[in-house]
Amino acid sequence: MSVEIELKTLDRAREQLRTMLMLVEGGQMRCSAATKKPSAATMRLLAEALPGGDFYPDEHIAAFAWPLLLQAGGLAAGTRLELTARGRAALKKEPDEVLLGLWDRWVRGGVIDELSRIEAIKGQKRTNTLSGLKNRRFMAAEVLKVLSTSEFTMVTQAYNASIHEGAHFTVVRNDMAAFKLYVEDPEYGSLGYDHIDFEGFVDRRYLMALLLEYAATLGIVDVRYVDPAFAMDDFEDLWGTEALTRISRYDGLRAVRLTELGFRSMG
C-alpha cells in the first residue's frame, strides 16, 4: 500500500457497531479472561466480517479494538463475549449515541494501555516506568480540540498544537524512566539519550495508536494513511534497527479530520 488512503469512518463505524453487537449476541467471539484481549480466531473472524474490513488487510486494528471497546463500554462481558443488559439496549439505540458512549468510556477507562500495542518499544513492564494511564489518555484525547471538521490536519501538527494548548502528556513517569524504554537493545537502543526525540518517537506514536485504533474505529476522526513500512524514518539511527521497516503498525497514519460525531463528543 504505497498510495495514501483517505477514509471517512463514521458510516463504517455505524455498520461495524451493528455487526459487532450481532456477533456477540450470536456467541461468536472469545476474549482472554485476564487481559480482555480478543483471541486470534476472533480477530480473524472480525477481519472477514466487519463491513468495510480493517484499515490494512494484514493488520488487526479495528478487529483488535472492537471487542475491547465493547467491554470497556459495558456492552459485552465474559470469556465468550455475551451482551450485557446495556448491550442489549444498545441494539435499539441510535448508533451515534452508542459510539459516543463507547468513546467516552474508552477515554475514561480503556482496558489496555495503547502503548503496549507498540511492541517494538520494549521495557514497558519495568517498574516505575510508565506514566499514569488514565490521565495520559485523557490528555492525549484533548487533541480533538485542535482538529477541524473541514480539513485534515497532519498528525505532527495536531500533536504540537495540542501540546501548545496545554494538553501535555508523556508515556513515562520522568526523564530517567525514558532510559528504561528501548528498541532492540536495552543499552544501545535506549530511548532516553539526548539525541532521541522522545516526544516525537514515543509520545506521538502513543497518540497515533489512540487515534487510529480507537478514535477512527469509532468514527470520531477520519484518517489519511499509507503502508506503515518505511512511512517514518526516525528509528534508522538507532542501534540494531537495520532490519526494521517500522516501529509500529500505526506509523502510516498521516493526517486526521474531526467527524460530525467527533465534534459532538466535545460537547
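Each remark here, short or long, concerns the structure printed above.
Predicted model, so just to flag it, every value in this text is computed and none were measured.

### Section: the sheet that holds strand E1 (residues 5-7)
And step 1. Read from one edge of the open sheet, four strands run E1-E5-E6-E4, paired in antiparallel fashion. The outermost strands of the open sheet, each flanked by one partner alone, are E1 and strand E4 (153-154).

### Digging into the pairing of strand E6 (residues 253-258)
And step 1. With five of six residues buried, E6 is to be regarded as a mostly interior element.
And step 2. Where E4 lies against E6, two bridges are found, and the strand directions are antiparallel. Paired with Thr153 across the two strands is Val256, which belongs to E6.
And step 3. Pairing geometry for strand E5 (residues 221-225) and E6, over five bridges, is antiparallel. Bridge pairing in E6 links Arg224 to Ala255.

### What to know about the packing of aromatic side chains
And step 1. Scanning all chains against the criterion turns up seven aromatic pairs.
And step 2. Between Phe55 and Tyr225, the aromatic rings sit 6.0 Å apart at their centres with planes inclined by 85°, giving edge-to-face as the arrangement. With a gap of 170 residues between them, Phe55 in the loop between helix H2 (40-49) and helix H3 (62-72) and Tyr225 in strand E5 connect regions that are remote in the sequence.
And step 3. In this structure Phe55 comes out as buried when scored by relative accessible area, which is 2%.
And step 4. Under the relative-accessibility criterion, Tyr225 is labelled buried at 3%.
And step 5. An aromatic cluster is present here, built from Phe55, Tyr56 and Tyr225 joined pairwise through their rings.
And step 6. The ring of Phe64 carries Arg117 above its face, with NZ or CZ at 3.6 Å from the centroid.

Conventions used here
Residues numbered from 1 in each chain as written. Predicted model: local features only at pLDDT ≥ 70, side-chain atom pairs only at ≥ 80, totals over all residues. Heavy atoms only, no water. Pairing = 2+ DSSP bridges. Helix = DSSP H or I, 4+ residues; strand = E, 2+ residues; numbered from the N terminus. Buried < 20%, exposed > 50% of the residue type's maximum accessible area, 1.4 Å probe, protein only. Phe/Tyr/Trp six-rings, centres within 6.5 Å; stacked < 30°, edge-to-face > 60°. Lys NZ or Arg CZ within 6 Å of the ring centre and 35° of its normal.

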